[in-house]
Amino acid sequence: MNDTFLRACRGEKVEYTPVWLMRQAGRYLPQYQAVRANVDFITLCKTPELAAKVTLQPVNILGVDAAILFSDILIPVEAMGVYLTFSDKKGPVLSEPVRNRSAVDRLIIPDVGEDMPFILETIKTLRRELENKVPLIGFSGAPFTLATYMIEGGSSKNFIHTKRMMFQHSGVFSCLMEKLTATVISYLSAQINAGVQAVQIFDTWAGILTPRDYEEFALPYVKLVVDALKSEQRAKSKEQRVESSVPIIYFANDCAGILKEVKKTGADVIGIDWRIDMADAIKRLGKKVVVQGNLDPCALFLPKEKIEEKVKDILWKGESAKGHIFNLGHGILPETPVENVIAMVEAVHKYGKKE
Ligand code: CP3
């Protein structure tokens, strides 16, 4: 089995720097578009056979070192009781934004097996079909990022409703965050039990907060998730008398201003977006941290030689961390030429070889 990715997550010795890409399954791939032509996005997420199929596409086409479960961070939000649609122009749209106490009270904490059985089915199918070729990553949105979608009713520019609730109705906000945290814990824990070998927590909107607000309104809930998963892992290792540890990756987009606080999440791997130099990020996190990232997704529009240069620069800087998993600084863009992505993966494998 190619477990280079898992070993890098644990800070162990690897033969080369492993690579995968955020949003590696998606519209830039003609093979994904062919599947999507016959089915809407939410149905695709909820049909295990198809979700497994598109999860495997980038593994076979790009030669990446990990697969990531095909789904969306908003699937559990829907299971909590908020009707969700995806529009081509606006992205996710929630039918009724959650903006007051009674809306929060109406939300349920889903039972993963009952309310999202397709997720567990997709994971089991994938573990079977991957045949240990590469590890499978599960994921969830972080409580704060999920809260922004719930409160705003979709994507947002200034997050006025979210900040209004945070600052003026902090009791309602913390109730919402507690429900989301319980949901994220049971969601990730169910994914781990079904067979994912690492998990990533996406905190796409954490960077809109001041460091102090991040520390008060977002960080404590991420810590609860990390602590709960780690203590479950410890109990399992003890019970089964085998070391079982599923690495936890935490990705906060636009993390430069909050790196000191991000380190306090206790995650095993810290994802770094592209707005900060990798050397700088490692200097500020300390050399005991394993990092992931941080190529600008737009670098994939450059000629191959330029892509190689940028890959080499990040690889070289990543050497000073305890471990480095190559990735983009955020999701791959739909307009990206596939041949450039393949060239990038090849460059990481070629120049990331260890002596
Ligand atoms: O990484 C992967 O390949 C796994 C699949 C995955 C998707 N979304 C598929 C997707 C993952 C891990 C996500 C996470 C996700 N979803 C995040 C966190 C990561 C990030 O990008 O910050 C967020 C914020 C969402 C919410 C979301 N989903 C938005 C805002 C949109 C619309 C914008 C867009 O890119 O279309 C989506 C839709 C979405 N999620 C698509 C895919 C492949 C496109 C849907 C389509 O086929 O039309």
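Before any of the text, the structure's been laid out above.
A brief look at the structure comes next. Everything numeric here is computed off the predicted structure, so don't read it as measured data.

**Side note on the packing of helix 10 (residues 160-168) against helix 11 (residues 170-194)**
- Two numbers describe how helix 10 lies on helix 11: the axes approach to 5 Å, and their chain directions differ by 110°. Taken together, the axes of helix 10 and helix 11 are roughly perpendicular relative to one another. Mapping the contact onto sequence places M165, M166 and Q168 in helix 10 and S170, V172, F173 and L176 in helix 11.
- Looking at the contact of helix 10 with helix 11 residue by residue, the classes come out as five nonpolar, two polar and no charged.

**Some points on the side chain of Q57**
- Relative to the helices and strands, Q57 is located in helix 4 (residues 48-62).
- A distance of 3.3 Å separates the side chain of Q57 from the backbone nitrogen of Y32, its partner in a polar contact.

**Regarding the site of the ligand**
- The environment of the ligand is formed by 22 residues, the closest being R27, Y32, D72, T204 and H330.
- A25 is positioned such that a nitrogen or oxygen atom in its backbone is 3.0 Å from an oxygen atom of the ligand.
- H330 places a side-chain nitrogen or oxygen 2.6 Å from an oxygen atom of the ligand.
- In isolation the ligand offers 870 Å² of accessible surface; the protein chains occlude 89% of this area.
- The pocket occupied by the ligand, as judged from atoms lying within 2 Å of grid points, is the largest pocket.
- The residue makeup of the shell around the ligand, split by class, is 13 nonpolar, five polar and four charged.

What counts and what doesn't
- Residues numbered from 1 in each chain as written.
- Predicted model: local features only at pLDDT ≥ 70, side-chain atom pairs only at ≥ 80, totals over all residues.
- Heavy atoms only, no water.
- Axes fitted to C-alpha atoms, helices over the stretch in contact; angles between N-to-C directions.
- Helix = DSSP H or I, 4+ residues; strand = E, 2+ residues; numbered from the N terminus.
- Parallel < 35°, antiparallel > 145°, perpendicular 65-115°, else oblique.
- Contact = heavy atoms within 4.5 Å.
- Nonpolar A, V, L, I, M, F, W, Y, C, P; charged D, E, K, R; others polar.
- Polar contact = N/O pair within 3.5 Å; in protein donor to acceptor, adjacent residues only side chain to side chain.
- Near = heavy atom within 4 Å.
- Areas by Shrake-Rupley, 256 points an atom, 1.4 Å probe, with all protein chains shown as cover.
- 1 Å grid on protein atoms, 1.4 Å probe; cavity = no way out; pocket = protein on both sides within 12 Å on 5 of 7 lines; lining within 4 Å.
- Sits in = over half its atoms within 2 Å of the grid points.

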